[in-house]
Amino acid sequence: MITHRHQLAGDQTTIHALETEDDVRQARDWLTTHQPRSLAMDTETTGLDTFSTGHRLRTVQYGTADTAFVVPVERGPAFMDLARTVVTRCPELVIHNAAYDLLVLDRHGVSPLETVAPRVRDTKILAHLSDSRQDFEGGVGVSLKPLSAWYVDPAAPDTQAGLTRVFRSYGLTKETGWAQVPYQDEVYQRYAGLDVLLAARLRPHLEQELVRHGIPDTLVEYEHQLMAICAAMERRGMLLDVPYTEGLVNRLQEQAATHSARAARYGVENVNSDRQVVAALQGMGESWEETTGSGAPSVAKEVLLPLADLSDKWERLQVRTPNPLADAVLRAKRASKWRTSYAVAMLANRDAQDRIHPKINTLGAKTGRASVSDPPLQQLPSKGWEIRRSVVAESGAAYFSVDQSSVELVVLAALSQEPRMCQAIRDGRNLHDHTATLMFGPAFTKHQRGLAKIAGLGTSYQGGAATLARQTGLPVSVMRDTLARYVRAYPGIRRWARGLQRHALSNECEIRTPSGRRLVLDRNALYKGVAYLCQSTARDTMGQALLDLHAKGLTQYLNLWVHDEVLGTAPAAEAADIAREVAKTVRMDLFGVPIGTDAEVYGKTWAGGYGLPADWAPKTP
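For the structure given in this document, a descriptive report is provided here. (Residues numbered from 1 in each chain as written. Predicted model: local features only at pLDDT ≥ 70, side-chain atom pairs only at ≥ 80, totals over all residues. Heavy atoms only, no water.)

**Some details on the overall build of the chain**
Each helix and strand in the chain was counted, giving 23 helices and 20 strands. Rg of the C-alpha trace for the chain: 26 Å, near the compact-globule value of 25 Å for 621 residues, within the 12% margin. C-alpha atoms of the chain, sized along the principal axes, occupy 85 × 60 × 55 Å. A total of 621 residues make up the chain; the buried ones form 55% of that total. As presented, the chain carries roughly 26800 Å² of accessible surface, and 49% of it is formed by carbon and sulfur atoms. Across the chain, the 71 positively charged side chains and the 70 negatively charged ones have centroids separated by 5 Å. (Helix = DSSP H or I, 4+ residues; strand = E, 2+ residues; numbered from the N terminus. Rg over C-alpha atoms; globule rule 2.2 N^0.38 Å. Buried < 20%, exposed > 50% of the residue type's maximum accessible area, 1.4 Å probe, protein only. Areas by Shrake-Rupley, 256 points an atom, 1.4 Å probe, with all protein chains shown as cover. Lys, Arg positive; Asp, Glu negative; His and termini not counted. Charge placed at Lys NZ, Arg CZ, Asp CG, Glu CD.)

Rendered as C-alpha cells:
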C-alpha cells in the first residue's frame, strides 16, 4: 500500500493507494474498526463516454475528511469486491456530481443505480441550491475545485492541471491520458484521493449555507430524486439508426461545402473568419450595431439571422430581402456543427447495442433549468427533422411526446395573477388569439397574432424591444409599440414585475421561487427577475411531473427530458394510451391556473413529429 500525506486546512490527511490483495484486507479492517456512517466517494474512468464500448472503470475511491482509500478495481475481483462492499453497505455516500458516478457504478456492475441513489448526498446539488451563480456573476460556481478553494482550503491544489502535465510526460493527451496514465503515478493517486477528502470536507459547509439561506429540505430531496430519475433516462438511452446517421455525416459535409462555396462567391473564403464575413457584409451595404467584447462588429448567429430574413427558429420572417451571404454563412456553419456535434458524436459514443445516451444535467442553468449534452439535443430547432431522424424506436415500439402547453405564459399568468390572462387560460381559450384580440381587436391579422405571441414570450423572458427586434428582424419601433399594447392588455403583469424588483432590492437582490429556490440577481439587471422566476418555476413544474410519473411507474417509458417536453417509447399498440396517461399525470394547477398538456405519437422515429418527409421514413418491421 502506497501512502501519501497531504495538508488540508492545516490538518494532516492520508491517502492510501491500494496495490495488493493484502492491502484490500487492511482496508476492510479499517472499515470494520471505524464503521463509518458516511463516506465520500468518487470514481476514475477512461473518459466521460460512460456507455461507449471501450469505457472502463479504473478506480473507486472513498474516505472521510481525513483518510482516503484509492481502490484499483481494474486489477481484479478482490478490489472490485471491496468497492462493492463500500458502495452497497455504507449508509450514506457523499458524491460530487453523483449522476455520473452512479451510472459508472451501474454500468460496470458495482451496484445498480436504484440501490445506491437513495443513499447519496450530492455536493453539486447542495452547491447549486446554496448559490447557483458562477464566479463571474459573484458566486463560486458548482465545480468541486473552486468550491473547495472557497469553503475548505484556499491552498488546495488543482491537481487537474498537474495531471495534464503528467499526461504529456507519458506522451498522452487529455483524451487518452485518463485511460493510459499508469495507476502507480503519484499525481494520479493523489488526484483520486484528494477529491474524496475535499468532498467530505465540503459537505458540512454547504449544508450550513443551506440552513443560513433557509433552503427547504423538501427542495433538497426533490433535486436528489430528480437527479436519479434523469440518470435512469440516460441509462436507457435511445436507439440509433446507424446507416442513416452514417449517410447524414456525408450529407452534412456536402451541405457545408455547398454553402461555403456560395459564401466564397462574395469573397469569404473561410466562413469562420469573422473579419472576412464582416468585410464582405459591409461591402454589400449591410450595417448593424452589435459588437463583440473587443468592440468589433459581431457576426454571431443572432446577428446574421435577421440579415438572412430568418427567425431564431430558422423560419422566413418576410420582412426584408434575405442577404445571400448571411444565409450562406449561417447554413455552412450549421451543417458543420451538426455534422460534428450530432452525427459524428452519436456514432462515436454509441454503445454496443447502437444506443446513444444523452446526458441530462438537471441543474444546467442558474435558474435550475435542465440541459442536455453529448449530444446537445435541446439546441435542435423546433421544426428540424434531419438530426432527430437518427433516433428510432425498437422493433414493435413507437415514439411519443408529451409537452406542457404554453407553459412560459401560463407560469407568467399564475405568478402575476393577471386576471384577464388567468381567466382566459381557465376558460380554455387560445391564449395567443385572446391576447391578439385585446391588443389589436377581434379582426386581428395573422401577422398581429404573431406579434401578440412574440410579446407574450418576450415579456416572460424579459426581452426588450431591441432584443425582440434582433430576434425577429422587425423594426425596434414596431416591437416597442407591440410591447406597449401588451402592457395595456395585461396591466397586472407590469405591476407584479415592479413589485418583484422592489422586493429584490430590499432583499439583497435575492428572490425566491414557489419551490423555495434561491435566485440572486445582478443589481444592474433586476428586470431579469421575471425571466428567472418564470423559467425556474416552469422547470420545477416539469420536474414535479417527473416525480409524479415515477410514482406511477411511467418513467420506465421515458427516454429524454427537453425543457417542457418528455420523449418516450412504448409498444406501438399501447403508445397512445401510455402517452395519454403521461399527459394526464403531467397536467397540474399552479396557483389556480391550469397547466395543460399535449400528447402525440410520433411513430417509428423521433422525427415523426417534425415534418419528416415520407421518403425518409424508416422501414417499420
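That shown, we press on.
**Focus on helix α11 (residues 242–264)**
Compared with the 33 Å implied by 1.5 Å per residue over 23 residues, the 33 Å span of α11 between its first and last C-alpha is a close match. Where α11 is concerned, the buried positions are Val242, Tyr244, Thr245, Gly247, Leu248, Val249, Leu252, Ala256, His259, Arg262 and Ala263. Of the surrounding elements, those touching the buried residues of α11 are β8 (238–240) and α14 (324–349). One side-chain oxygen of the residue at the start of α11 lies 3.2 Å from the amide nitrogen of Tyr244, identifying that residue as Asp241. (Expected span 1.5 Å × (residues − 1). Contact = heavy atoms within 4.5 Å. Polar contact = N/O pair within 3.5 Å; in protein donor to acceptor, adjacent residues only side chain to side chain.)

**Digging into the nonpolar core**
If you look at the biggest cluster of nonpolar residues, it comprises 184 residues, and the most contacted ones within it are Tyr62 and Trp561. Considering every element that reaches this core, the biggest residue donor is helix α9 (residues 186–212), with 12 residues. In this structure, Leu281, Val303, Ala308 and Leu325 belong to the second largest nonpolar core, which totals 22 residues. (Core = buried A, V, L, I, M, F, W, Y, C linked by side-chain atoms within 4.5 Å.)

**Some words on empty space enclosed by the protein**
Over the atoms, a rolling probe the size of a water molecule traces out where space has been left empty. Counting across every chain of the model gives 2 cavities of 30 Å³ or more. In this structure, the largest cavity spans a volume of roughly 120 Å³. Contributions of two or more residues to the lining of the largest cavity are made by α15 (407–416) and α22 (528–551). Ranked by residues supplied to the lining of the largest cavity, first place goes to α22 with 4 residues. Residues belonging to the lining of the largest cavity are distributed by class as follows: 6 nonpolar, 3 polar and 4 charged. In this structure, the second largest cavity occupies an estimated 40 Å³ of space. Around the second largest cavity sit Ala127, Ser130, Asp131, Val140, Gly141, Leu147, Tyr151 and Leu206, which together line it. (1 Å grid on protein atoms, 1.4 Å probe; cavity = no way out; pocket = protein on both sides within 12 Å on 5 of 7 lines; lining within 4 Å. Points joined across faces, edges and corners; volume = space filled by probe spheres on them. Nonpolar A, V, L, I, M, F, W, Y, C, P; charged D, E, K, R; others polar.)

**Description of unusual backbone geometry**
The residue after Asp374, namely Pro375, is reached through a cis peptide bond having omega 0°. Phi is positive for Cys509, close to 65°, though the residue is something other than glycine. Residue placement: Cys509 occurs in the loop between α21 (491–505) and β14 (510–512). Looking at Cys509, the relative accessible area reads 7%, which means it is buried. For Phe591, which is not glycine, the phi torsion reads 50° and is therefore positive. By secondary structure assignment, the location of Phe591 is in the loop between β18 (588–590) and β19 (593–595). Given the relative accessible area of 49%, Phe591 is considered partly exposed.

**Some details on the packing of α15 against α22**
Viewed as axis vectors pointing N to C, α15 and α22 meet at an angle of 110°, and their least axial separation amounts to 9 Å. In terms of axis orientation, α15 runs roughly perpendicular to α22. Considering how the two elements wind past one another, α15 and α22 form a crossing that is right-handed. Across from Val407, Val411, Leu412 and Leu415 in α15, the residues of α22 making contact are Val530, Leu533, Cys534, Thr537, Ala538 and Thr541. Across the contact of α15 with α22, the residue classes tally to 8 nonpolar, 2 polar and no charged. (Axes fitted to C-alpha atoms, helices over the stretch in contact; angles between N-to-C directions. Parallel < 35°, antiparallel > 145°, perpendicular 65-115°, else oblique. Left-handed = near helix turned anticlockwise from the far one by under 90°.)

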